[in-house]
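Take a look at the letters that make up each chain.
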Amino acid sequence: MNGPTPAAARRERILREAVRQGLLDPEQSLLAAFVDLDGVTATVGSLHRAFGRVLPAPGLVLHAFAAKANCLVPVLAELARDGMGCEVATAGELARALAAGFPPDRIVFDSPAKTRGELDRALALGVAVNADNFQELSRIDRALAGRRPRSNIGVRVNSQVGSGTIAAMSTASTTSKFGVPLSDPGTRRQLLRAFRDYPWLTWVHTHAGSQGCPLDLMARGVAQAVEFAEEVNASLGERRVVGIDIGGGLPVNFADDEIDPTFDTYVEYLGTHVPALFERGYQVVTEFGRSVLAKNGFMAAYVEYTKSAGGRPIAVTHAGVQVATRTVFNPEAWPVRIEAHDASGAAKRGRSLRQDVAGPACFAGDLLARDRALPPLEPGDIIVVPDTGAYYFSTPFHYNSLPEPAVHGVRVGEDGRIAFTLLRPAQDAWALPDHAPEVTVIRRPVDVVDRAAR
Ligand SMILES: *Cc1c(COP(=O)(O)O)cnc(C)c1O
């Protein structure tokens, strides 16, 4: 049998230390999440180097992290320190990006539903804006009222190059809700006219989808955007389009610890399939989310009970739909790995048994894995769910009033010492929200429990 990968060995060391320090505890802290901040810095470095090789002037590219992938303010602040910008899709994400310290001119605001107020705010701050549709373009024109914007303003185009393997995540389908569809009859001409009418419109934005899009599909989408930009510039006889925002969507390998594809591979693809992107002096914005964070985070949860039903062993754990919403509702599209550890955090090895790994929520589909071969799990064991740094614990689902788990940042010193910092405190399951009517009558819910006990 092969030994653990370096990444698995690192998770194991982090987990053992977390147990030792009481960050995981079978009574007090049943579920916790970890973000490897050293790993984040290394990944961001690899992103900068990959594009740096083809865009030698550093000012030509802005890597804007897609905030929805992990919107914790301390995580965003770390990414800001690592030299990234930030892509936001809602007012809430914009607020978080500003709180994290991103300068407004390193923030890109994409959303298909920006209100007038949100547009005014973004334009006043100098945040870059990508308009989704023609109505939004005319709203922006009215908001500017003839003034020259401080913001870079672009329009999102739908290249309509097709869907990836996950329909819900594919934004370049023929009928996608995002962007201006480039090959619908008449829209290309209408968009050219918009560029003629709006001198402030200087960027083209595209994003083919998130996870499940093969690199050649992504590259073809970018190629469509660049081709359209060239068409605008040729037709206006000026360098009107100065930049291309190529979106994010680099898929992540959830099968093992290998980073595949890498940013280098994607840049090579772009260089081959869209040479004009790098050769015609365009500024470039990227919007990667999952590929920056997914493999730099994991969560860990206790096994509370084990049982058997219809001959199938089942481990009931404390990680389920509240932190793995997509996996639970769409398991084929979003499989996650599970690693079995004992109560000390040490990896369990040896013979494996096919078992279901269930979450704590009250519906039958709350399963992280079905019929998965793992060393036999027992009560008090800990399961680790790797690759969950993006779109998992950072965006919890409040079903069954399950509390948000704590998120800890992790750094490993040169001497091998592991240091944790709290990125998000755990929610207290017993703390009712302020607006709950009971709170006005009975201060704390524990009083209810105490009184019932008396
Ligand atoms: C979600 C999204 C991204 C990030 O996608 P990832 O797959 O996380 O890289 C980037 N841009 C836009 C417009 C998005 O909607």
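In this text the structure is predicted, and so the values were computed from the model without any measurement.

## Brief notes about the overall build of the protein
Right, so step 1: Each helix and strand in the protein was counted, giving 14 helices and 18 strands.
Right, so step 2: Within the span of the protein, comprising 454 residues, buried residues form 53% of the whole.
Right, so step 3: For the protein, the proportion of contacts with a sequence separation of at least 24, taken over those separated by at least 6, is 68%.
Right, so step 4: Just so you have it, the protein exposes about 20500 Å², and 53% of that area is on carbon and sulfur atoms.

## Re the site of the ligand
Right, so step 1: What surrounds the ligand is a group of 14 residues, the closest being Lys68, Ser210, Glu287, Arg290 and Tyr391.
Right, so step 2: At a separation of 2.7 Å, a nitrogen atom of the ligand approaches a polar side-chain atom of Glu287.
Right, so step 3: Gly289 has a polar backbone atom sitting 2.9 Å from an oxygen atom of the ligand.
Right, so step 4: Computed on the free molecule, the ligand has an accessible area of 390 Å², of which 94% lies beneath the protein chains in the complex.
Right, so step 5: Per-class residue counts for the shell around the ligand are three nonpolar, five polar and six charged.

## Focus: the packing of helix α5 (residues 116-125) against helix α6 (residues 134-144)
Right, so step 1: Taken N-terminus to C-terminus, the directions of α5 and α6 make an angle of 55 degrees; their axes are 10 Å apart at the nearest point. As judged from the angle between their axes, α5 and α6 are oblique. For the pair α5 and α6, the crossing hand works out as right-handed. In this structure, α5 contributes Arg116, Leu119, Asp120 and Leu123 to the contact, and α6 contributes Glu136, Arg139, Ile140, Ala143 and Leu144.
Right, so step 2: A breakdown of the residues in the contact of α5 with α6 according to their chemical character gives five nonpolar, no polar and four charged.

## Quick notes on the environment of Lys68
Right, so step 1: When you line up the elements, Lys68 lands in the loop between β2 (61-66) and α3 (73-81).
Right, so step 2: Lys68 has contacts with Glu93, Tyr391 and Thr395, leaving out every residue within four places of it along the chain.

## Quick word on the nonpolar core
Right, so step 1: Counting 115 residues, the largest nonpolar core has Leu79, Phe195, Ile244, Leu270, Leu277 and Val292 as its most contacted members.
Right, so step 2: When residues of this core are assigned to their parent elements, the largest contribution, 11 residues, is made by helix α8 (residues 215-236).
Right, so step 3: The residues that make up this core include at least three from each of domain 1 (6-36 + 294-424) and domain 2 (37-291).
Right, so step 4: The contacts of Val292, once residues within four sequence positions are left out, are Thr43, Val44, Leu47, Phe65, Leu79, Met84 and Phe263.
Right, so step 5: Formed by 17 residues, the second largest nonpolar core is a distinct cluster that contains Leu24, Phe34, Tyr302 and Val384.

## Describing the pattern of salt bridges
Right, so step 1: Summed over the entire model, instances satisfying the criterion amount to 25 salt bridges.
Right, so step 2: Where Glu12 meets Arg349, a salt bridge forms, and the shortest distance between an N and an O atom there is 3.4 Å. Within this pair, whereas Glu12 is found in helix α1 (residues 6-20), its partner Arg349 is found in the loop between β13 (339-341) and β14 (353-358), the two being separated by 337 residues in sequence.
Right, so step 3: The network of salt bridges with shared partners includes Arg10, Asp36, Asp38, Glu78, Arg81 and Arg411.

## Considerations on the packing of α8 against helix α9 (residues 263-273)
Right, so step 1: With their axes 10 Å apart at the nearest point, α8 and α9 run at an angle of 50 degrees to one another. By the angle between their axes, α8 is oblique relative to α9. Here the hand of the crossing between α8 and α9 comes out right-handed. Between α8 and α9, the residues in contact are Leu215, Asp216, Met218, Ala219, Val222 and Ala223 and Thr265, Tyr266, Tyr269, Leu270 and His273, respectively.
Right, so step 2: Its residues assigned to classes, the contact of α8 with α9 shows eight nonpolar, two polar and one charged.

## Digging into α3
Given 3.6 residues per helical turn, the α-helix brings residues three or four places apart onto the same face.
Right, so step 1: Looking only at α3, the buried set comprises Val75, Leu76, Ala77, Glu78 and Leu79.
Right, so step 2: Trailing α3 by a residue or two, Gly83 shows a phi angle of about 95 degrees, which is positive.

## Examining the domain arrangement of the protein
Right, so step 1: Domains assigned within the protein are domain 1 (6-36 + 294-424) and domain 2 (37-291).
Right, so step 2: If you average the C-alpha positions of domain 1 and of domain 2, the two centres end up 33 Å apart.
Right, so step 3: Taken together, both faces of the contact between domain 1 and domain 2 bury some 2400 Å²; the carbon and sulfur share is 56%.
Right, so step 4: With its nearest N and O atoms 3.1 Å apart, the salt bridge here joins Arg10 to Asp38.

## A closer look at the pairing of strand β8 (residues 201-205)
Right, so step 1: Across the five residues that make up β8, a large majority, five, are buried.
Right, so step 2: Bridge analysis of strand β6 (residues 153-158) against β8 gives four bridges, and the strand direction is parallel. Looking at the pairing, Ile153 lines up with Leu201 of β8.
Right, so step 3: With α8 bridging β8 and the parallel strand β9 (residues 243-245), this β-α-β connection has right-handed handedness.

About the cut-offs
Residues numbered from 1 in each chain as written. Predicted model: local features only at pLDDT ≥ 70, side-chain atom pairs only at ≥ 80, totals over all residues. Heavy atoms only, no water. Helix = DSSP H or I, 4+ residues; strand = E, 2+ residues; numbered from the N terminus. Buried < 20%, exposed > 50% of the residue type's maximum accessible area, 1.4 Å probe, protein only. Contact = heavy atoms within 4.5 Å. Areas by Shrake-Rupley, 256 points an atom, 1.4 Å probe, with all protein chains shown as cover. Near = heavy atom within 4 Å. Polar contact = N/O pair within 3.5 Å; in protein donor to acceptor, adjacent residues only side chain to side chain. Nonpolar A, V, L, I, M, F, W, Y, C, P; charged D, E, K, R; others polar. Axes fitted to C-alpha atoms, helices over the stretch in contact; angles between N-to-C directions. Parallel < 35°, antiparallel > 145°, perpendicular 65-115°, else oblique. Left-handed = near helix turned anticlockwise from the far one by under 90°. Core = buried A, V, L, I, M, F, W, Y, C linked by side-chain atoms within 4.5 Å. Domains from an automatic or database assignment. Salt bridge = Lys/Arg side-chain N within 4 Å of Asp/Glu carboxyl O. Buried area = accessible area lost by both parts, 1.4 Å probe. Pairing = 2+ DSSP bridges. Right-handed = clockwise from strand over helix to strand, strands pointing away.

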